[in-house]
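Residue strings, one per chain:
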Amino acid sequence: MNVRSLSIGMLAAVMATAVGGAALAQDSVGAPPEQTHFKVSSYKPMSHDAATAKALERFNDDRYSMFIHWGIYAQAGGVIRGKRYYGASEWLMSNSKTPSAEYLELAKDFNPVDFDARAWMKTMKAAGFRYMVITAKHHDGFAMFKSAASPHNIVDGTRFGRDPLKELAEAAKAEGIGLGFYYSQYQDWTEPNGGGNTWEFDPKKADFEEYFNRKVVPQVTELLTNYGPVREIWFDTPGPMPAEYSRRLRDLVKKLQPGCLLNSRIGNDLGDYTSPSDSEIPPASLVQGGDWESVFTHNRSWGYSAFDNDFKSTNTLIRLLATSASRGGNFMLNMGPDGRGRFPDGAQKRLLAVGAWLKVNGDSIYGTTRSPLPQTPWGVATQKGSRLYLHVLDRPADGVVRAPGLTEPVTKVSLLAGGGALRFKQDAGGLSVTLPAGTAPSDDLVVVVETQTPVAARRDQGIVLSRAYGRQPLDVADATLSPGVKLDAIKTQLSVDDLRKFYTPVGLDDPSKSVSWTVQVEQAGDYHIDLEYSATKAQAGHEGTVEVGDQKRSFGVIETGAIERRKPTFLTFQPVGILHFDKPGRYQVSLRPQASGQELFALRTLYLTPAN
Ligand code: FHN
């Protein structure tokens, strides 16, 4: 065994021992399992070679894509040896600690006779997706394409005997959908020298170099040679893989197809664009340009699960898509086809409903750039030259949508659906648009604002606070942090099966330190303050204050429990008091500890709600 592979094996062994083997799920990016605080990813423009820059232009124009997790795990649908495994069904082998030989038996039954590449592509087209990324090989190591590098592939290893990626590549070309492949480069549970299978193989004996040369390099070469132009290779969970492997993969991909994009999960900062954590849209204030693609799954699993029908509603999907676009990123929505090759009905009908919305409102998504506006309570905005699209996701009680500070002369305001003109008023304070009466509260109503010159960026003018809405969030990621306070990302299990990241300021341990937000108050009045936070036993009893000018509202911290990476984190929602704003205008809302010593708590959000 060479030194390089030994170091990977040892690292993997340490990770596995500490978390008990199969628990190493989802966000295994090489961090020790007890680590909860992480560096905040940056979303800044990077420089690229010409082919990559050109591919990124199209990528940013596309905005909406489909992610597909399909493998022999779809045959099991989350059940093995008669036991149901909740959560990510593509993790079935790991979660059940099934040995390779037994797991690979699934391939014998896998015969997706209903798979129809043309029909998939027609659905994707009707759903409004511009490109798709499908699992060519997930962590179980089974290739969903013909491969000379391993017999564990769909053509040689199943009765089905067809190459779905070949059929999809042809159908994608015919329908004008871009093609991308997911490839798990480090984890490969059916390979003794691959990463991740600690229930069967000894990581200390793993020769990763051997695995990488024998399987990863040939398979990535096959994917980029046999299927025509590939838009992106979506690598995942690089784990403890040293930089030289990420570098070799990058060089290989760019040599074979210079315009093929690489996501940041290639590892070691070698991607072309950023993949935020799963189910995360980066906070608006952290995005300073740059290229990124958020991934969410439609239900709770990425692969097909026979008992999970918790599909996100059409409105939720539209909201996620519009929010990603408003922050300048792409939204890739995942779905897991079943063992026969069918899209689950619960997913398909909602995808098509989003497609119907896009048919009418697609101009406000495709080819748009990020919002020039600060946070507003009615929703989000996207922009295309001198057209500004207001996505009214939440209806104002008074029927009037306001864009404070929008002073570029407005020539026309209309509804994108149907084009009907809307009444508007513009003065030194900004623009007010009266919504048509009788629209369903759940629709994303898109208002088109046409201006003489493009609306200039004014994102830092303060979060808009209005009495026409309910609870309005001031998130810590959008706060100004005083010297000595920094923003951390916490990885935790926010709820069962839901590993998510949240942001929190670290260093709130002295009255001289604070987090603060600029708010633009639209109407004078009282607002209730609520805090959402998590606090350990040691933090219980700490005191802090929320301040605006000389109004100071103090609060005491209560214990919610420790933050642990693989456990649910409980966040309390604590009322603090009432703040009064005398007149409309800009104010500073600050939060600080009352004493020196220990970290106050892990704050997530301060909410303000109009009070009467
Ligand atoms: O472990 C995988 C998981 O199965 C799924 O593929 C997701 C999709 O982003 N990626 C990993 C976890 O982040």
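Topic: the packing of helix α10 (residues 208–225) against helix α11 (residues 243–256)
Inference 1: Orientation of α10 relative to α11, taken along the N-to-C sense of each, is 20 degrees, at an axis distance of 10 Å. By the criterion of interaxial angle, the relationship of α10 to α11 is roughly parallel. Crossing handedness for the pair α10 and α11: right-handed. Residues Phe-208, Glu-209, Phe-212, Asn-213, Val-216, Val-217, Val-220, Thr-221 and Leu-224 of α10 touch α11, and the partners they reach there are Tyr-245, Arg-248, Leu-249, Leu-252, Val-253 and Leu-256.
Inference 2: Along the lines of polarity and charge, the residues of the contact of α10 with α11 split into eleven nonpolar, two polar and two charged.

Structural notes on the domain arrangement of the protein chain
Inference 1: Segmenting the protein chain into domains produces domain 1 (52–364), domain 2 (379–459) and domain 3 (472–610).
Inference 2: Between domain 1 and domain 2, the C-alpha centre-to-centre distance is 37 Å.
Inference 3: Taking both sides of the interface into account, the surface hidden between domain 1 and domain 2 amounts to around 1,100 Å²; carbon and sulfur atoms contribute 54%.
Inference 4: Considering only the side of domain 1, the residues that lose the most area to domain 2 are Arg-319, Asp-363 and Ser-364, jointly responsible for 42% of the buried surface there.
Inference 5: In this structure, the connection of domain 1 to domain 2 is made through two salt bridges.
Inference 6: Our enumeration of links across domain 1 and domain 2 arrives at six residue pairs in polar contact (both at pLDDT 80 or more).
Inference 7: Of all elements in the fold, only α12 (314–326) and α13 (345–361) reach the threshold of two or more residues within the side of domain 1 that touches domain 2.

What to know about the side chain of His-542
Inference 1: Within the secondary structure, His-542 sits in the loop between β24 (525–534) and β25 (543–548).
Inference 2: In this structure, His-542 is in contact with Phe-555, Gly-556, Val-557, Gln-598, Glu-599 and Leu-600, ignoring residues within four places of it in sequence.

A look at the sheet that holds strand β2 (residues 64–68)
Inference 1: One open sheet holds the seven strands; their spatial order is β8-β7-β6-β5-β2-β10-β9, and the pairing between them is parallel. Two strands lie at the open edges of the sheet, namely β8 (261–262) and β9 (293–297), each paired on one side alone.
Inference 2: With two bridges connecting them, strand β7 (residues 232–236) and β8 associate as parallel partners. For Glu-232, the partnering residue across the bridge sits in β8 and is Leu-261.

Structural notes on unusual backbone geometry
Inference 1: Positive phi is not limited to glycine here, since Arg-81 has a value of about 50 degrees.
Inference 2: Topologically, Arg-81 is positioned in the loop between β3 (79–80) and β4 (83–84).
Inference 3: On the accessibility criterion, Arg-81 (52% relative accessible area) is exposed.
Inference 4: Positive phi is not limited to glycine here, since Asp-269 has a value of about 60 degrees.

Digging into the environment of Ile-80
Inference 1: Within the fold, Ile-80 resides in strand β3.
Inference 2: Overall, Ile-80 belongs to the buried group, its relative accessible area being 10%.
Inference 3: In this structure the C-alpha to C-alpha distance between Ile-80 and Val-576, which are 496 residues apart in sequence, comes to 49 Å.
Inference 4: Other than its neighbours up to four places away in sequence, Ile-80 contacts Tyr-85, Leu-92, Ser-96 and Thr-98.

Quick notes on α12
Inference 1: In this model, α12 (13 residues) spans 18 Å end to end at C-alpha, consistent with the 18 Å of a helix rising 1.5 Å per residue.
Inference 2: Packing partners of the buried residues in α12 comprise β2, β9, β10 (330–335), α13, β11 (379–384) and β12 (387–392).
Inference 3: Downstream of α12 by a residue or two, Gly-328 has a phi angle that is positive, lying close to 85 degrees.

Quick look at the pairing of strand β29 (residues 602–611)
Inference 1: With eight of ten residues buried, β29 lies mostly within the body of the structure.
Inference 2: Note that strand β19 (residues 472–475) and β29 share four bridges and pair antiparallel. Opposite Asp-475, over in β29, you have Thr-605 as the bridge partner.
Inference 3: With nine bridges connecting them, β24 and β29 associate as antiparallel partners. Bridge assignment links Asp-530 to a residue of β29, and that residue is Tyr-607.

Focus: the packing of aromatic side chains
Inference 1: Summed over the entire model, instances satisfying the criterion amount to 32 aromatic pairs.
Inference 2: Both rings, one in Tyr-43 and one in Trp-292, keep their centres 6.2 Å apart while their planes meet at 75 degrees; by these two values the pair is edge-to-face. Taken as a pair, Tyr-43 in the loop between β1 (37–38) and α2 (50–62) and Trp-292 in the loop between β8 and β9 lie far apart in primary sequence, 249 residues in all.
Inference 3: Overall, Trp-292 belongs to the buried group, its relative accessible area being 0%.
Inference 4: One Lys or Arg, Lys-166, reaches over the ring of Tyr-227 and ends 5.1 Å from the middle of that ring.
Inference 5: Sitting over the face of the ring of Tyr-607, Arg-471 holds its NZ or CZ atom 5.3 Å from the ring centroid.

What counts, and at which threshold
- Every chain is numbered on its own, with residues counted from 1 as its sequence reads.
- Under the rules for a predicted model, residues below a pLDDT of 70 receive no local features and side-chain atom pairs below 80 are neither given nor counted, while totals for whole chains, interfaces and linings still include all residues.
- To get the side-chain values, all heavy atoms of the structure are used, and hydrogens and water are removed first.
- Lines fitted to C-alpha atoms define the axes here, with helix axes fitted over just the stretch in contact, and angles between the N-to-C directions of these axes take values from 0 to 180 degrees.
- Helical segments are the DSSP runs of H or I of at least four residues, strand segments are the runs of E of at least two, and each set is numbered from the N terminus.
- Roughly parallel means an angle under 35 degrees; roughly antiparallel means over 145; roughly perpendicular covers 65 to 115; every other angle is labelled oblique.
- In this scheme the handedness of a crossing depends on how the near helix is turned from the far one: anticlockwise by less than a right angle means left-handed, clockwise means right-handed.
- Whether two residues are in contact is decided by their heavy atoms, any of which lying within 4.5 Å being enough.
- Put simply, Ala, Val, Leu, Ile, Met, Phe, Trp, Tyr, Cys and Pro go in the nonpolar bin, Asp, Glu, Lys and Arg in the charged bin, and everything else, Gly too, in the polar bin.
- By convention here, the domain bounds are inherited from an automatic or database domain assignment.
- By definition, the buried area sums, over both parts, the 1.4 Å-probe accessible area that each loses when the two are put together.
- Salt bridge criterion: a side-chain nitrogen from Lys or Arg within 4 Å of a carboxyl oxygen from Asp or Glu.
- By the criterion applied in these results, polar contacts are pairs of N or O atoms within 3.5 Å in which, for protein atoms, one can donate a hydrogen and the other can accept it, and in which residues neighboring in sequence qualify only through two side-chain atoms.
- One requirement defines pairing of two strands: DSSP has to find at least two bridges between them.
- Type-normalised accessible area, obtained with a 1.4 Å probe on protein chains alone, sets the label of each residue: buried when under 20%, exposed when over 50%, and partly exposed for intermediate values.
- Expected helix span is given by 1.5 Å per residue-to-residue step, counting one fewer step than there are residues.
- Any pair of Phe, Tyr and Trp rings, taking the six-membered ring for Trp, is counted once the centres come within 6.5 Å. Such a pair is stacked with planes under 30 degrees apart, edge-to-face with planes over 60 apart, and tilted for the rest.
- Sitting over a ring, as applied to charges here, requires NZ of Lys or CZ of Arg to be within 6 Å of the ring centre and within 35 degrees of the ring normal.

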